[in-house]
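As a plain string of letters, each chain reads:
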Amino acid sequence: MTATTTGFAGFRPATFAFFSELEDNNDPAWFKPRKALYEAEVLAPFRELIAAVGDAFGRAGLPLAGDPRRGIFRIYRDVRFSPDKRLYKTHAGAVLTRSGGRRDPGVLYIHVAPGESMAAAGLWHPESGLLARLRRAVLADPDGFLSIADRLASAGSPLTSDDKLSRPPRGFEAAKGTPVSDYVGWKSFTTHRMLSDTEMQSPALVDHIVDFARTVLPLLEWGWAAVDDEAPPPLPIRKPARPLPKPDF
């Protein structure tokens, strides 16, 4: 791992103190007078981190980009349909993608929270069409997929899913009894590496994230291949049934 010379100096202890206090005071009366503190101790260094990581990815030839302004998720929770009416998230998160846009499938995610920070990557709850293509990719090349899973496990970042079917879904019965039988019932394909508060407070965090990105790149490339398979095939060029008339010039 090489030392990184960037504008990111590490998150300060105040970042984690802010979220710890927000956990116990999750209401506008506490947050609003401290919004400037949130912007200074959470948003500002996080934007510096995204910019530094994006630059480091470019130098390393890793096909991921981040937007320091729009790549970070809002701290405000959507409580319209949730029984949990707390208004604020007690963590910060951001994604880097192939295009830099936040909605691209196949992401590298950075999570900042006291004692729970991590880098994660993969495809989390993709839409149904993409999920079907991912399952077909597992079944089409089981050895290739298992090789990716084995390498991630050996690196200490095993492939996981937070939701899965108990048996292969309809149309994937051929997977039954094979080494990938469980995988075709997965609804997500993700991996992560935990990061300590000490690592989060160091400029070397950029290098830790670059190392993680190198490890998970085969998983992302596997997922992107399924994403790109969404494009319809080009229309065939049909020859006319009879010769065209000669041009009149």
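See the structure above.
Reading guide: rules and limits
- Residues numbered from 1 in each chain as written.
- Predicted model: local features only at pLDDT ≥ 70, side-chain atom pairs only at ≥ 80, totals over all residues.
- Heavy atoms only, no water.
- Helix = DSSP H or I, 4+ residues; strand = E, 2+ residues; numbered from the N terminus.
- Buried < 20%, exposed > 50% of the residue type's maximum accessible area, 1.4 Å probe, protein only.
- Contact = heavy atoms within 4.5 Å.
- Areas by Shrake-Rupley, 256 points an atom, 1.4 Å probe, with all protein chains shown as cover.
- Patch = residues over 30% accessible without salt bridge, like charges linked within 9 Å, V, L, I, M, F, W, Y side chains within 5 Å.
- Salt bridge = Lys/Arg side-chain N within 4 Å of Asp/Glu carboxyl O.
- Lys, Arg positive; Asp, Glu negative; His and termini not counted.
- Charge placed at Lys NZ, Arg CZ, Asp CG, Glu CD.
- Expected span 1.5 Å × (residues − 1).
- Polar contact = N/O pair within 3.5 Å; in protein donor to acceptor, adjacent residues only side chain to side chain.
- Axes fitted to C-alpha atoms, helices over the stretch in contact; angles between N-to-C directions.
- Parallel < 35°, antiparallel > 145°, perpendicular 65-115°, else oblique.
- Left-handed = near helix turned anticlockwise from the far one by under 90°.
- Nonpolar A, V, L, I, M, F, W, Y, C, P; charged D, E, K, R; others polar.
- Pairing = 2+ DSSP bridges.
- Core = buried A, V, L, I, M, F, W, Y, C linked by side-chain atoms within 4.5 Å.

Caption draft 1: Just the overall build of the chain, in detail. Within the chain, the secondary structure is distributed over seven helices and four strands. The order of α-helices and β-strands along the chain, N terminus first, is α-α-α-β-β-β-α-α-β-α-α. Of all 249 residues assigned to the chain, the portion counted as buried reaches 42%. Pairs at least 24 apart in sequence give 70% of the contacts found in the chain among residues at least 6 apart. Counting only carbon and sulfur atoms, one obtains 54% of the accessible surface of the chain, whose full area is about 14,300 Å².

Caption draft 2: Region of the structure containing a positive patch on the surface. Taken together, the side chains of Lys-35, Arg-74, Arg-102 and Arg-103 present a region of like positive charge at the surface. You can see Arg-74 is positioned in the loop between helix H3 (35-60) and strand E1 (92-96). Looking at Arg-74, the relative accessible area reads 56%, which means it is exposed.

Caption draft 3: A look at helix H5 (residues 142-154). Its 13 residues place the ends of H5 18 Å apart at the C-alpha level, agreeing with the 18 Å of an ideal helix rising 1.5 Å per residue. Close packing links the buried residues of H5 with helix H4 (128-140), strand E4 (189-194) and helix H7 (205-228). Two residues or fewer past H5, Gly-156 is found with a positive phi of approximately 85°.

Caption draft 4: Structural view of the environment of Asp-182. The topology assignment puts Asp-182 in the loop between H5 and E4. Asp-182 gets classed as exposed once you look at its relative accessible area, which sits at 58%. Along the backbone, Asp-182 and Pro-168 are 14 residues apart, and their C-alpha atoms lie at a distance of 7.0 Å.

Caption draft 5: Inspection of the side chain of Thr-97 at higher detail. In this fold, Thr-97 is placed in the loop between E1 and strand E2 (107-112). At 2.9 Å, the side chain of Thr-97 forms a polar contact with the backbone nitrogen of Gly-100. A polar side-chain atom of Thr-97 sits 2.8 Å from the main-chain carbonyl oxygen of Gly-101.

Caption draft 6: View of the packing of H4 against H7. The N-to-C vectors of H4 and H7 enclose an angle of 120°; their axes lie 9 Å apart at closest approach. On the basis of the axis angle, H4 is oblique to H7. By crossing handedness, the relation of H4 to H7 is classed as right-handed. Only Trp-222, Gly-223, Ala-226 and Val-227 of H7 make contact with H4, whose side of the interface consists of Leu-130, Arg-133, Leu-134, Ala-137 and Val-138. Tallied by class, residues from the contact of H4 with H7 come to seven nonpolar, one polar and one charged.

Caption draft 7: Inspection of the pairing of E1 at higher detail. A large share of E1 lies buried, amounting to five of its five residues. Along E1, one buried face is formed by Ala-92, Ala-94 and Leu-96 and the opposite face, lined by Gly-93 and Val-95, is buried too. Where E1 lies against E2, five bridges are found, and the strand directions are antiparallel. Paired with Gly-93 across the bridge in E2 is His-111.

Caption draft 8: Local environment of the nonpolar core. With 65 residues, the main nonpolar core has Phe-46, Leu-49 and Phe-57 as its most contacted residues. Here the element with the most residues in this core is H7; it accounts for 14 residues.

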